[in-house]
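Letter by letter, the chains look like this.
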Amino acid sequence: MSYQTLLTDLSEGIFTITINRPDKLNALNKVVMDELNDVIDVIYKNDKIKSAIITGTGNKAFVAGADISEFQDLNKEQGMDMAKKGQDIFFKIENSPKPIIAAVNGFALGGGCELAMSCHFRIASENAKFGQPEVNLGLIPGYGGTQRLTQLIGKGRAIELLITANMIDTNTALQYGLVNYVVAQEELLNKAKSILKVINSKAPLAVASCIKCANVVGQEINNGGYGGYATELSEFGKCFNSNDVKEGISAFLEKRKADFKGN
Ligand code: COA
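Residues numbered from 1 in each chain as written. Predicted model: local features only at pLDDT ≥ 70, side-chain atom pairs only at ≥ 80, totals over all residues. Heavy atoms only, no water.

The subject of this paragraph is the overall build of the protein. From N to C terminus, the protein includes 10 helices and 12 strands. Here the C-alpha radius of gyration of the protein, 18 Å, is about what a compact globule of 263 residues would show, namely 18 Å. With the principal axes as the frame, the protein shows a C-alpha extent of 55 × 40 × 40 Å. Relative to its 263 residues, the protein shows a buried fraction of 49%. In the protein, the share of contacts with a sequence separation of at least 24, taken over all contacts with a separation of at least 6, comes to 73%. Carbon and sulfur atoms form 52% of the exposed surface of the protein, whose accessible area is close to 12,300 Å². Put simply, the protein has 28 plus and 29 minus side-chain charges, and the middle of one group is 3 Å from the middle of the other. (Helix = DSSP H or I, 4+ residues; strand = E, 2+ residues; numbered from the N terminus. Rg over C-alpha atoms; globule rule 2.2 N^0.38 Å. Buried < 20%, exposed > 50% of the residue type's maximum accessible area, 1.4 Å probe, protein only. Contact = heavy atoms within 4.5 Å. Areas by Shrake-Rupley, 256 points an atom, 1.4 Å probe, with all protein chains shown as cover. Lys, Arg positive; Asp, Glu negative; His and termini not counted. Charge placed at Lys NZ, Arg CZ, Asp CG, Glu CD.)

Now the structure itself:
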């Protein structure tokens, strides 16, 4: 198994996937997303893998979001296609019969927070920061973030984070129930592995069933998709019809403050 943007390691049944684009704070570009899609299939298929960890290279970022440079010039349909692909990959993580946990080693922003939330639970290092800053770009989360954040921390807190773009530290993330544990950076992977060793000693089919049952809470079918996620898809796509998204993305890439006009 060799990837351009991922490092992988399998030991004692625990498969560690490290997103490895440190110069771009591990941002999720097309290559990372394609490789994540492939590597999640490996988790499903490889009998030697009992459970998995997703983390990021370095001690600054888990994942600082989807790669903003790939958002330039997208139209509504392309925006929806991109979000659909991301939603599908993150569904595959969420619905994996083998536990996948996020070891959040730094910034988990935008798509990074969404990736962490698609995992079965989260452990963070003390320097981690969580947020959904998409409104700064004239966008909304498109990889399930509006739905999973609301499920995980409740509607009031989720809406506040979504519409302020505020980042939260690990004290708040712990208080909100977004993470299960906060540990020192150097202890992060050890902590994740020690929990997975316990889980790996349990009955795999029962473990898979627990995950499946927890995942169907609150889901409703709507227009052939899951209600909230279908809404998120079309709203994400619509953002690309706005001038604000062009302004927000250009401003980020040009390292200046955005001047939104609301159109
Ligand atoms: N997409 C593309 N590139 C990104 C990125 C993203 N989501 N996040 C960071 N990068 C790049 C930066 O452009 C920079 O690249 P450069 O060195 O070629 O200019 C590099 O990663 C380092 O980031 P930088 O912004 O210089 O680090 P910082 O310590 O000053 O700030 C953050 C860190 C996380 C606060 C800042 O990078 C940020 O706000 N990133 C975007 C977060 C976001 O909006 N995510 C949601 C996207 S939908």
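Time to look at the sheet that holds strand 9 (residues 167-168). Read across the open sheet, the four strands follow the order 4-6-8-9; overall the sheet is mixed. Taken across any chain shown, the strands that pair with only one partner, and hence form the sheet edges, are strand 4 (61-63) and strand 9. Judged from the two bridges that link them, strand 8 (residues 129-131) and strand 9 form a sheet pairing that is antiparallel. Across the sheet, Phe130 pairs through a bridge with Ile168, a residue of strand 9. (Pairing = 2+ DSSP bridges.)

In the neighbourhood of the ligand, 19 residues make up the surrounding shell, with Lys24, Lys60, Ala66, Ile68 and Lys255 lying closest. In this structure, Lys24 approaches the ligand through a side-chain N or O atom, which is 2.6 Å from an oxygen atom. One of the side-chain nitrogen or oxygen atoms of Lys255 is found 2.9 Å away from an oxygen atom of the ligand. Counted by class, the shell around the ligand contains 11 nonpolar, two polar and six charged residues. (Near = heavy atom within 4 Å. Polar contact = N/O pair within 3.5 Å; in protein donor to acceptor, adjacent residues only side chain to side chain. Nonpolar A, V, L, I, M, F, W, Y, C, P; charged D, E, K, R; others polar.)

Further remarks concern the domain arrangement of the protein. Here the protein is described as being made up of domain 1 (6-199) and domain 2 (202-253). Centre-to-centre, using C-alpha coordinates, domain 1 lies 13 Å away from domain 2. Opposite the 36 residues of domain 1 that make contact, domain 2 presents 26 residues. Buried surface at the junction of domain 1 and domain 2, both sides included, amounts to about 2,700 Å², of which 69% is carbon and sulfur. Our count for the domain 1 to domain 2 interface comes out at zero salt bridges. (Domains from an automatic or database assignment. Buried area = accessible area lost by both parts, 1.4 Å probe. Salt bridge = Lys/Arg side-chain N within 4 Å of Asp/Glu carboxyl O.)

Turning our eyes to something else, we now look at unusual backbone geometry. If you check the backbone angles, Asn26 has positive phi at about 60° while not being a glycine. The residue Asn26 is located in the loop between strand 2 (14-19) and helix 1 (30-45) in this model.

Taking burial as the measure, the five residues of strand 5 (residues 100-104) include five buried ones, the bulk of the element. What you see with strand 5 is no split at all: Ile100, Ala102 and Val104 on one side and Ile101 and Ala103 on the other are buried throughout. Two strands pair when backbone bridges link them, and strand 5 and strand 7 (residues 121-125) are joined in this way by four bridges, in the parallel orientation. Within the sheet, the bridge partner assigned to Ile101 lies in strand 7 and is Phe121.

What follows is about the nonpolar core. Counting 58 residues, the largest nonpolar core has Ile54, Phe71 and Phe130 as the members making the most contacts within it. Mapping this core onto the domain boundaries places at least three of its residues in each of domain 1 (6-199) and domain 2 (202-253). Leaving out residues up to four positions away in the same chain, Phe130 has contacts with Val104, Ala108, Leu109, Cys113, Ala124, Asn166, Met167, Ile168, Ala173, Leu178 and Val179. (Core = buried A, V, L, I, M, F, W, Y, C linked by side-chain atoms within 4.5 Å.)

A pair of packed helices is captured by two measures, namely the crossing angle of their axes and the spacing between those axes. Two elements in contact, helix 4 (residues 145-153) and helix 9 (residues 227-239), have axes separated by 8 Å at closest approach and are oriented at 140°. The angle between the axes of helix 4 and helix 9 places the two elements in the oblique class. Contact residues: helix 4 offers Gly145, Thr146, Gln147, Arg148 and Gln151, while helix 9 offers Gly228, Tyr229 and Glu232. The residue inventory of the contact of helix 4 with helix 9, partitioned by class, reads one nonpolar, five polar and two charged. (Axes fitted to C-alpha atoms, helices over the stretch in contact; angles between N-to-C directions. Parallel < 35°, antiparallel > 145°, perpendicular 65-115°, else oblique.)

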